[in-house]
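Chain residues, written in single-letter form:
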Protein chains: 4
Amino acid sequence: MSFNTFGRAFRFMTWGESHGPAIGAVVDGCPPGIALTEGDVQPWLDRRRPGTSRFTTQRRELDEVRILSGVFEGRTTGTPISLMIENVDQRSKDYSEVAQAYRPGHADYAYDAKYGFRDYRGGGRSSARETASRVAAGAIARLVVPQVRIRAWVEAIGGEAVDPANFDDAQIDANPFFCPDAAAASRWEEKVDAARKAGSSLGAVVACEATGVPPGWGAPLYAKLDSELAAAAMSINAVKGVEIGDGFAAAALTGEQNADAMRPGADGPAFLANHAGGIAGGIATGQPIRLRVAFKPTSSILNPVETISRTGEAAEIATRGRHDPCVGIRGVPVVEAMVALVLADQALLHRAQCG
Amino acid sequence: MSFNTFGRAFRFMTWGESHGPAIGAVVDGCPPGIALTEGDVQPWLDRRRPGTSRFTTQRRELDEVRILSGVFEGRTTGTPISLMIENVDQRSKDYSEVAQAYRPGHADYAYDAKYGFRDYRGGGRSSARETASRVAAGAIARLVVPQVRIRAWVEAIGGEAVDPANFDDAQIDANPFFCPDAAAASRWEEKVDAARKAGSSLGAVVACEATGVPPGWGAPLYAKLDSELAAAAMSINAVKGVEIGDGFAAAALTGEQNADAMRPGADGPAFLANHAGGIAGGIATGQPIRLRVAFKPTSSILNPVETISRTGEAAEIATRGRHDPCVGIRGVPVVEAMVALVLADQALLHRAQCG
Amino acid sequence: MSFNTFGRAFRFMTWGESHGPAIGAVVDGCPPGIALTEGDVQPWLDRRRPGTSRFTTQRRELDEVRILSGVFEGRTTGTPISLMIENVDQRSKDYSEVAQAYRPGHADYAYDAKYGFRDYRGGGRSSARETASRVAAGAIARLVVPQVRIRAWVEAIGGEAVDPANFDDAQIDANPFFCPDAAAASRWEEKVDAARKAGSSLGAVVACEATGVPPGWGAPLYAKLDSELAAAAMSINAVKGVEIGDGFAAAALTGEQNADAMRPGADGPAFLANHAGGIAGGIATGQPIRLRVAFKPTSSILNPVETISRTGEAAEIATRGRHDPCVGIRGVPVVEAMVALVLADQALLHRAQCG
Amino acid sequence: MSFNTFGRAFRFMTWGESHGPAIGAVVDGCPPGIALTEGDVQPWLDRRRPGTSRFTTQRRELDEVRILSGVFEGRTTGTPISLMIENVDQRSKDYSEVAQAYRPGHADYAYDAKYGFRDYRGGGRSSARETASRVAAGAIARLVVPQVRIRAWVEAIGGEAVDPANFDDAQIDANPFFCPDAAAASRWEEKVDAARKAGSSLGAVVACEATGVPPGWGAPLYAKLDSELAAAAMSINAVKGVEIGDGFAAAALTGEQNADAMRPGADGPAFLANHAGGIAGGIATGQPIRLRVAFKPTSSILNPVETISRTGEAAEIATRGRHDPCVGIRGVPVVEAMVALVLADQALLHRAQCG
C-alpha cells in the first residue's frame, strides 16, 4: 500500500515523479494566522536545489514553489496548503536501457515486483526529486515552531569524518558540502571530485541538532520522539541508518557512562551530558535533540554492474546521465525539513493532550 | 499525545503499567479463520519472561496470557483479539525515593515535564514490562505470515561482538544471551556477571533477520519498509539506533561496493550481495530482511548518580531493587515480535493495493 | 477490514463478544491529571444496564467496570486507560438453530459472507452488548469536556412521538423509556408491552442535545462536526438514520425559513433559530448541538421468518431467548456516550490546531 | 483540527478555495495498472459543472482536470495521483459586505470563531466549489470497482417528491434536475424558477443506489458500511441528514415489517425486501446499497436577513452575486462520487483482511 502522508496533527502528503509535469505537497492541520508567502519557502528550496555546484546533479531545476491554497492575505487560514513545483528540466529522451534492465541498488526491480510495472523515467516516484516537496513542507513546519532552531550538516563522506575540534557553525553554509570543518571540506572536494570523475559515488553521514525543543514534547512508546524521528529520517531516499544521541555507541557503554546526570539549573535541570540525544522515555528533556543519519552511496554509477533484464536474462547496466556523486550532501536540507515536520507535529500533539 | 497503536491494516494497541493489575494488547484487523489458542502465544512470552536466569531481572512473573475475544472455536473471527497478562509480582512497597528524585536516563523527568506527574512504581508505563504485550501480539502476527521466518540474536554486549565465523543458529536458544557464538557467550557470562555484581549495566546490539518475505511487500517513501521497521524498533524501550542492511557502514562505501548485483536465478534474481538488507526503494527485494538495533545500557544502576529532586534541589539517586543488567538481552524476542508485526501489516497492505 | 477504533486525538478501541469472558475498551490520548475512579464510570453503565425493567432484555449483567491501567492515585496519567467488564450471564447452551440458519435483519449472513464463519453465540461481536464498552469510554469523555452537558431521550417508539409541548427534562430518568413526556410514556408502556408479549419488536427515534459546546469546535469538510457525529451515531448497532438540526425537514424549507438569523448577544451572537443544529460549515456555532438518530426495530422476533440455512436451503427461524423489545430505548445512554466521545475528541483537536 | 483526507486504504485529500488559483485532490493507495486518462475523469466533472442550465449558479468554470502524477503510459502506477482544476471565473471584486458581516446559515461566523479570520471570497474553503475535487477523485474510485454501478437522483425539491410509479432511469440525465420522473421535473422547473427569481432557495433530497456490491464488503461497528457512507455524505456541503435503507421510516416499523426475509437464490440468498438498504451488521448483503441524503436550501439568498457584523453590531445582509437556487441538484454527482470513494476503499480493505 502506498502511504504518502506523514504526521498525525500537522500532516503533509507529497505527490509527483521525477519526470512528470510537477511535484508537490499538501500540508494539512497547520494552525491559522501564521504569516506565509512563497518567500518563506523558496530560500529552503534554493538550499536543496540541484546544479548549484559540480558536486551535485547537473539537472537544472529552478524549483520555484507556488502556494495554491490555504493562505489568505499573507496568512495561513487553517485549511490545506497546496504547494507545487514545476519540473522544467526533465530529459526523458532515452530511458530504454533503464526500462529494460534493473539498476542494482535502485528501486527498479522492487517496484516491478510490487506494481507489475514502473515509471522508469529518472526513477519516477523513487527519485530524490521528491525531497523538494518535503523541503517546501518543512519550511512551513519551521514557522509552526519558531522557538526551535534546526541545523544539520554532513559529518562524514565516504568514511572520512569531520574533526569535532574544528566544528564551526559558520562554515556549514560556506562550502558546497554543508561541512562544518573547513579542512575536511577541502579534503572532501578532492574526494568527491575523484568519485565524480570516476563515475562512482560515495555515502555520507548527516548529523542534525534541534535546540529550543521544550521538555514534554513527544510521547511514550509507539509515538516515541525517537521513533517518529527515525521513521521520518528513514523515509528519505537512500537512508539506511538512524541514531538518536549516542546511538550504536551507547550499546558499548555501561550504565554509569551513559547516565545523563543532572544538577539544579536556572530553568529546570542542568544536564551534565547528553548521551540520550535530548530524549528520555520518548519525550524531550529540553536538551538539544541530536540524531545521525546514514546515506548509502548514490546507486547511479557509470561503471557497469551485473544485473538482469525485465524478462529475467543476464545483463549489464551503467547509469548514464546526470546524478549526484554523493546524495547525502543534498540530504542536509531534507533531514532538517523532516525534523521540522516531526517537531511541528509533536508541538500540536502535545498541546492537544496537555494543553 | 499518547499513541499506543501501531500498524495500518494489522494493528495492535497496548495498555498497562509495570505495577498495575495487568497489562495487555488488542489486535485489530487480523484475518479470520486462523487457528489460535493461548498455546500459540505462550511459548513466545516464556522466551521473554523475566527471572529465567541470573542475567535478567529477578522479578517473578508467570506471564500467562489469556485471550478474551476475537477467537471462536479455536479460530480468529476477524474481530479484535484482546490479550491480557496479569501482573503477579509487583512489589510497590517502597518507591518513595524514585517518587521524589529523577533517575537519570529514565523517563522520570520527561514524564513529569509532559504530564505534570507520573506513576513512579517500577517506571509505570515506561517500564520494559510493556514489551510482554508486544511479544503476545507478535505471536499472532507470525501466524498471519507463516511463510516468513524471523530470528534475532544478540550481536554484541558492552562493545564485545560475536565472531561471524562462529555463527551457529542452534546456539541462539542454547544460552541465556540469545548468542549465536558459544565462545562469545562464555565471555559474556563473565562480563554480565561482573556488571551485575557491581550494580552496573551494559548496552547491547540485537540483530534480526527475516527470510521468506516475498518481493513487493513494503511501499515507497513514507511507509518505506525501512521506515516502518525503524519506527517499530525505535519504539522499544532503551533503543537508540537502527540500521537496515549495512546501515552506517554503507555510508563509508562507494557505489560499486554497495551495489547488490543480480544474476538470473531460479525464481527471480539471484543477488550477489545484500548490502541493502533486502529492501530497495522501501520495498522488499526477496532477499533476507536484515536490521540491527542498538540498546543503551539499563538506566537502573546501583551506583549513585547526581540528579535533582521533583522540587528542583540537588540530589543523588541509586536504583535499588530488581533490574536487568543488560536490557538488550530480553530485547531479542521483542525485536522479533516487532518485525513480525510490521511484516503482517505489510502483507495485508500489499494485498489491499496489489491484490 | 475490521476497524474498532474511533477518534483522532481522544481515541478509544473496543473489544469483546456477547458470550466471551469479558468485553472492554481502551481509551488513548486522554489528558493527564483528570480525577477518575470506577465510581465515575459505573453510574453511566448502570443507566444502560439490561434487566432493570420488563422493557429491556432479561439478561442479568452487573456490568461492573474495572480500570486496569492509565490511572494513578485517582488521576489519569495520560497513558492508555483499559476498561474491562466481565460477562456473567451468558447462556450459550443452545445456539444450534442460529448457527445453522441466518436470522433476517441480523448480521448473520453478512458475517458469514465476509469472514467465512462467525461466533453465533448471542450475535458475537455484532451484539448490542458491545455498547457497554462505549458507555464506559463515554464516561471518561465527559470528564474531558466538563463544560458540556449532554442529554438524550427517546422521541418516538413505533412511530408514536412525544408531544413537544409536554417536554419535561425531569421525566427523562423517571420512566423506563427515557421519555420526556409523561403521557407518552404511559402510552408507550402499553405499546411496548404488547409488542413484547407478541414476540414482536419496535423501532425508535432517539434525540440528543449537547449544550455548552463553544463556537469553533469541529472542522471543515471531511471532519465536519456533522460528519463525525453521523459516523459515531451510525456506528451504533441498529441505527439506520441520522439528522443534524432539522435534518430531512430542512430539505423542504426555503432559504429564508432555514436561516438562523443573529442579533448581538451578551457573549457572541444571539441566534433567533437553530435549524442548523448548532453547526455551520462543520463547525460549532455555540448554539445547542442537536441530532436525531433512527433505530430500527430489534431484529430478534419470536414470529418465524422465511430464511435460508448456511448451506443455502430454505428454512424458517424464530429468535428464542432474551431480547430487547425496542433496542432504541437502551440506545439513549449509548447515543449520549458517542456524542461525548466525539466532543472530547473535537475539544483536543481544536486545541491542537488553534491553541 | 482540519482533516481533509478521507478513506483508509483508498484515500484522497482535497485542497483549494473558491477564489484561489486552483483546486485539487490527491488520490493515494490506488491499485496499479488501471487505465486512466483525463478523459476518464472529465465527463463526471462536466456533469457537475456549474452554468449548464439556469437552475445552477452562473459561474462559468470549464473545470478542466489535469493529472499531474501517478499515471505512466496511460496506467496508474500505484503512487499518488494528483488532480488539479484551475479556477478561471473567480470574481473577487467586491466581498466587502461579506467580509464585514456574517451570512446566516453560512460558515462565516463559525470559521471566524475557530480560526480568528477567514478567506471570505466566495466562501473560501467552505464553498461547494470544493466538491469538484471529490467528483474528480470519485471518477478514479469508479475504475477501482468497475463491477459496481452507482446512480443518484433528486428525489424531492422543496418538499415536492417524485412519484415512485413514474421512476424512469433514462430520465435522470434528460433534465436539468437529475429527476427520474418527467412529470415532477416539469413541476420543479416552475418551482425552482420561482425561487430563483425571488432570490430565494430550496432544499432537496438526493437518493443513491449502488448495485453490484458483493456481500462481505464493510465491517462491524466503527467502520460499519452505514457509518462510512454517513460520514461521506454528511461531509458534503449543506448536507444535514442521511438514511441507509428505510432510515427514519424503519423506526416506525415492527420487527416483522422490517425483516428482509430470504429464500434460496441462484447465487446466495434471494431477499424478499430491502429495508436495510443492502447492509446488515455494517456489512454488505449483496442487495443494492440504498441511501438518502438531505440538502438544506442554499444559504445564499437575496432577501436581507438579520445578522451581526464582525465587531458584534446589528446588521442586515443579502447575498448578491451568483448562486445555486437549489444546491442539492448539483449534489447528485457529488453523492455518487462519495459513494464510489467509500466503496473503492471498502473493496481494498476487504481484500486486505479477507483475501
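Residues numbered from 1 in each chain as written. Chains lettered and ligands numbered in written order. Predicted model: local features only at pLDDT ≥ 70, side-chain atom pairs only at ≥ 80, totals over all residues. Heavy atoms only, no water.

(A) Highlighting the UniProt feature "binding site: FMN" (unreviewed entry) in chain A. When the UniProt feature table is mapped onto this chain, "binding site: FMN" (unreviewed entry) is found at Arg-125, Ser-126, Ser-127, Asn-237, Ala-238, Gly-281, Lys-296, Pro-297, Thr-298, Ser-299, Ser-300 and Arg-322 of chain A. With a sequence span of 198 residues, these residues are also far apart in the fold, their greatest C-alpha distance being 44.0 Å. Along the chain, Lys-296 of chain A turns up in the loop between strand S16 (289-295) and strand S17 (305-308). In contact with Lys-296 of chain A, not counting residues within four places along its chain, are Gly-105, Leu-202, Gly-203, Ala-238, Lys-240 and Val-327 of chain A together with Ala-250 and Asn-258 of chain B. Looking at Lys-296 of chain A, its side chain comes within polar contact range of the main-chain oxygen of Gly-105 of chain A, at 2.9 Å. In this fold, Ser-300 of chain A is placed in the loop between S16 and S17. What Ser-300 of chain A contacts, discounting residues up to four positions off in sequence, is Arg-103, His-106, Ser-201, Thr-319 and His-323 of chain A. A polar contact is formed between the side chain of Ser-300 of chain A and the side chain of His-106 of chain A, at a distance of 2.8 Å. (UniProt positions renumbered as here; feature names shortened; annotations may be inferred. Helix = DSSP H or I, 4+ residues; strand = E, 2+ residues; numbered from the N terminus. Contact = heavy atoms within 4.5 Å. Polar contact = N/O pair within 3.5 Å; in protein donor to acceptor, adjacent residues only side chain to side chain.)

(B) Here's a closer look at the side chain of Arg-330 of chain A. Checked against the element boundaries, Arg-330 of chain A lands in the loop between strand S18 (314-317) and helix H8 (331-354). Apart from the residues lying within four places of it in its own chain, the contact partners of Arg-330 of chain A are Arg-48, Arg-49, Pro-50, Thr-56, Thr-57 and Asp-324 of chain A.

(C) Main features of the interface of chain D and chain A. Every contact between the two is made by 41 residues of chain D and, on the other side, 41 residues of chain A. Both faces combined, the contact of chain D with chain A buries some 3,500 Å², and carbon together with sulfur accounts for 68% of it. Here chain D is connected to chain A by zero salt bridges. Taken together, the elements giving at least two residues each to the side of chain D that touches chain A come down to strand S2 (11-16), strand S3 (22-28), strand S6 (75-76) and strand S7 (81-86) of chain D. Here the side of chain D that touches chain A takes five residues from S2 of chain D, the largest share from any one element. Among the residues making up the side of chain D that touches chain A, the classes are represented as 16 nonpolar, 14 polar and eleven charged. (Buried area = accessible area lost by both parts, 1.4 Å probe. Salt bridge = Lys/Arg side-chain N within 4 Å of Asp/Glu carboxyl O. Nonpolar A, V, L, I, M, F, W, Y, C, P; charged D, E, K, R; others polar.)

(D) Summary view of the packing of helix H4 (residues 131-144) of chain B against helix H8 (residues 331-354) of chain B. Residue and element names in this part refer to chain B. Two numbers describe how H4 lies on H8: the axes approach to 7 Å, and their chain directions differ by 45 degrees. The angle between H4 and H8 places the two elements in the oblique class. The interaxial crossing formed by H4 with H8 has left-handed handedness. On the side of H4, the interface is formed by Thr-131, Arg-134, Val-135, Ala-137, Gly-138, Ala-141, Arg-142 and Val-144, while H8 contributes Pro-333, Val-334, Glu-336, Ala-337, Met-338, Ala-340, Leu-341, Ala-344 and Leu-348. Residue classes in the contact of H4 with H8 are distributed as twelve nonpolar, two polar and three charged. (Axes fitted to C-alpha atoms, helices over the stretch in contact; angles between N-to-C directions. Parallel < 35°, antiparallel > 145°, perpendicular 65-115°, else oblique. Left-handed = near helix turned anticlockwise from the far one by under 90°.)

(E) Local environment of the environment of Pro-297 of chain A. For Pro-297 of chain A, the position within the fold is in the loop between S16 and S17. Among the residues examined, Pro-297 of chain A registers a relative accessible area of 1% and is labelled buried. With 59 residues separating them along the chain, Pro-297 of chain A and Ala-238 of chain A place their C-alpha atoms 7.6 Å apart. Apart from residues lying up to four places away in sequence, Pro-297 of chain A is in contact with Ser-201, Leu-202 and Gly-203 of chain A together with Ala-250, Leu-253, Thr-254, Gly-255 and Asn-258 of chain B. (Buried < 20%, exposed > 50% of the residue type's maximum accessible area, 1.4 Å probe, protein only.)

(F) Fine view of helix H4 (residues 131-144) of chain A. For H4 of chain A, built from 14 residues, the straight-helix expectation of 20 Å at 1.5 Å per residue is met to within 8% by its first-to-last C-alpha distance of 20 Å. Burial runs high along H4 of chain A: 13 of the 14 residues are buried. (Expected span 1.5 Å × (residues − 1).)

(G) Representation of the side chain of Ser-235 of chain C in the model. Along the chain, the position of Ser-235 of chain C falls in the loop between helix H6 (225-234) and strand S11 (239-244). Overall, the relative accessible area of 0% leaves Ser-235 of chain C in the buried class. A polar atom in the side chain of Ser-235 of chain C sits 2.7 Å from the backbone oxygen of Ala-232 of chain C. Ignoring anything within four residues of it in the chain, the contact list for Ser-235 of chain C reads Arg-134 and Met-338 of chain C together with Leu-221, Tyr-222, Lys-224 and Ser-227 of chain D.

(H) Geometry of the relation of the copies chain B and chain A. Taken as rigid bodies, chain B and chain A are interconverted by a rotation of 180 degrees and an axial shift of 0.0 Å, the fit giving an RMSD of 0.0 Å. This pairing of chains is accounted for by a two-fold axis. Looking at chain B, 100% of its interface residues are interface residues in chain A too, so the copies touch through the same face. (Least-squares fit on C-alpha atoms with pLDDT ≥ 70 in both.)

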